[in-house]
Structures are given as structure tokens and as C-alpha cells.
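# Inside the fold
Listed below, chain by chain, are the residues.
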Amino acid sequence: MSHTAHIPSHRKPRQRASKSALRAGVAGGVLSTIAVAGAAGPAQAEPVTQTIEMPTITSGLSTAVAASAQATQQVALDLETQAREDAAAESAAKKAKKAKAEAVRKAEAEKKAEAAAKSRAEAEAKERAERASRTAERTTLSAPSSSSSGNSASAPASSSAPSSSSNATGSAAAIVAFAKAQVGDAYVSGGTGPNAWDCSGLVQAAYRTVGIDLPRVSQSQSTAGTQVSLDNLQPGDILYWGGAGSAYHVAIYVGDGQFVGAQNSSTGTVQRSMDYDRPSGAVRVL
């Protein structure tokens with residue numbers, strides 16, 4: 001490199017004269033103001049020897065915070081008390097509603113019980129009236145037979161034709177009278193009276209009036225006594241349909257070639273000629 005080459009300077013460029021003058025003026029003004037203030041003050045300033053206590057706000061703030069906490073706690077207690085009162089009121093309302101429903105249910109149950117009791121009383125009264133009517137009818141039917149029992153007892157049974165009902169005496173007459181008194185009653189499977197029967201229930205009830213306890217079902221009733229011919233029947237004999245010991249239907253022979261039986265749900269208890277439905281056999285219990 002040449003000794004005469006230009007080397008750039010690293011110094012900062014000088015500020016402009018206007019900016020320097022402005023800064024000098026500001027500095028001078030400040031110093032002048034400080035000098036004037038110093039001259040206007042007292043020559044000797046006394047040192048401060050008294051300390052002024054500022055009012056403390058710690059105790060007041062603490063009191064306010066405590067009061068606020070107490071108020072908050074009181075509000076919480078009030079809310080809790082109100083909640084308990086509301087819960088108690090709701091529980092009481094539920095209990096009252098439940099008690100009312102229970103009272104209504106009991107009232108309805110008592111009403112139904114009263115209606116059922118009234119219905120039972122009416123049914124019992126009706127049954128007593130029907131029994132009284134049947135008893136009177138039986139007495140009427142058995143009276144002529146009883147008066148002629150001496151002649152009938154000595155008369156031999158006809159071997160060519162079934163005996164007539166007028167020849168029934170004693171227990172046979174009572175059985176026939178009972179059976180006839182049930183004519184018109186309903187047929188109900190398993191029925192044993194007093195107003196509805198099935199075939200074996202009617203036969204059993206008829207014989208029970210004279211103190212004879214027959215088996216309940218037709219199969220057993222068909223073998224409950226001595227087998228007799230259909231041409232040698234007497235009033236009170238049991239007629240059966242089917243085989244002896246396996247009968248599916250039974251009825252009571254009432255004389256004059258007729259029987260009384262609880263036939264079916266369509267006809268009920270009827271009195272019919274043996275020609276209507278010829279039985280398979282007969283059995284004599286008396």
C-alpha cells in the first residue's frame with residue numbers, strides 16, 4: 001500500500017452546531033433556576049427533628065374483613081336453614097300425598113268389600129229362599145209316596161218295564177224329589193250346587209240328602225252299587241253312559257222311563273226320556 005493512501009477516519013461525525021447550541025442553552029437554564037432557588041431560601045435550614053406518624057389502617061381493615069366474614073357466614077347459615085326448611089316442607093308434602101293416596105285406596109277397598117258383602121248376603125238370601133222352595137216341593141212330592149208306602153213296599157218290581165215314579169218311597173222318593181227340583185239349573189264343569197252342577201255333582205248331592213256319601217266322579221259312581229238291568233229299573237237308580245268303572249256321564253232315574261241329569265252347558269239340568277239318550281247301564285245303591 002502507498003504511504004500516501006487515504007485512510008478513512010473511525011471518529012464519529014461531529015454534531016451540527018445548532019444541536020450543540022440547543023443543548024447548551026437547556027443546561028444553562030436549568031443551572032440558573034437552581035441558583036435562583038438557592039438564593040431565595042433561608043440562609044440556614046433547621047434540621048427536621050419531629051416525626052409525624054401516619055394513621056394506620058390495619059386495625060380498621062381487620063375489623064372490616066372480620067365483619068365481612070361474619071356476614072358471609074350468616075348468609076351461608078341462612079341459606080342452609082332455608083334449604084332444610086324447603087326439604088322438610090317437600091318431605092311433608094310427599095308424606096301427605098302418600099297418606100292421601102293410602103286413604104283413597106283403603107276407602108276403595110272398603111267400598112269393594114261392602115259391595116262384595118252385600119252381594120254375598122243377597123246370594124245367601126236367594127239360596128235360602130231356593131232351598132226353602134225346594135224343601136217344600138220335596139215335601140209335597142214325597143207325601144203321596146209316603147202314604148202309599150205300605151202297598152208299594154209289598155208290590156214286586158216289574159221285570160218287563162221300568163217302575164214309575166209313583167212307586168218311589170222313602171229315600172228313593174227323596175232322591176227323586178231333589179233331582180227334579182234342580183231341573184233348570186245351569187251346567188258347570190265341576191259344579192256341586194246349589195244352582196250349578198255337573199252330572200256327578202248332581203247325583204252325589206241327591207244321595208247326600210238321604211245320608212249316602214257317593215264318590216265324586218262318574219267313573220266311581222258307575223260301580224258304587226249293584227249292577228241292574230235297564231229293564232228292571234227303580235226310581236233312584238243311577239244311570240251311566242260308557243262302561244262300568246269308565247263311565248263319562250251319569251244321571252238319576254226318576255221313573256216312567258225318564259231321568260234327570262246335568263247334561264251339558266247348552267241344556268243345563270233337564271228331565272228327559274231314556275229314548276232321548278239310551279244309557280249304557282245302571283247301578284242300584286239303595
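Our subject is the structure listed above.
None of the values given here were measured: they were computed from a predicted structure.

## Points about the overall build of the protein
Summing up its helical and strand segments, the protein has six helices and eight strands in all. Listing the helices and strands of the protein from first to last along the sequence gives α-α-α-α-β-β-α-α-β-β-β-β-β-β. For the protein, the proportion of its 286 residues judged to be buried stands at 23%. Taking all contacts inside the protein whose residues are at least 6 apart in sequence as the whole, residues at least 24 apart take part in 58%. On the protein, roughly 19,500 Å² of surface is accessible, and the fraction owed to carbon and sulfur atoms is 56%.

## Side note on the packing of aromatic side chains
One pass over the structure, following the stated rule, counts two aromatic pairs. Geometrically, the ring pair formed by F178 and W197 is edge-to-face, given 6.0 Å between the ring centres and 85° between the ring planes. In this pair, F178 is assigned in helix α4 (residues 170-181) and W197 in strand β2 (residues 196-197), connecting sequence segments 19 residues apart. In terms of burial, F178 and W197 fall into one category: buried. Seen from the ring of Y276, R272 lies directly overhead, with NZ or CZ sitting 4.4 Å from the centre.

## Examining unusual backbone geometry
Omega for the peptide link from G193 to P194 comes to 5°, which places this bond in the cis form. Its identity as a non-glycine residue notwithstanding, D256 has a phi of 60°, on the positive side. Position of D256 relative to the elements: it lies in the loop between β5 (249-255) and β6 (258-264).

Rules behind the numbers
Residues numbered from 1 in each chain as written. Predicted model: local features only at pLDDT ≥ 70, side-chain atom pairs only at ≥ 80, totals over all residues. Heavy atoms only, no water. Helix = DSSP H or I, 4+ residues; strand = E, 2+ residues; numbered from the N terminus. Buried < 20%, exposed > 50% of the residue type's maximum accessible area, 1.4 Å probe, protein only. Contact = heavy atoms within 4.5 Å. Areas by Shrake-Rupley, 256 points an atom, 1.4 Å probe, with all protein chains shown as cover. Phe/Tyr/Trp six-rings, centres within 6.5 Å; stacked < 30°, edge-to-face > 60°. Lys NZ or Arg CZ within 6 Å of the ring centre and 35° of its normal.

Structural measurements only, silent on function.
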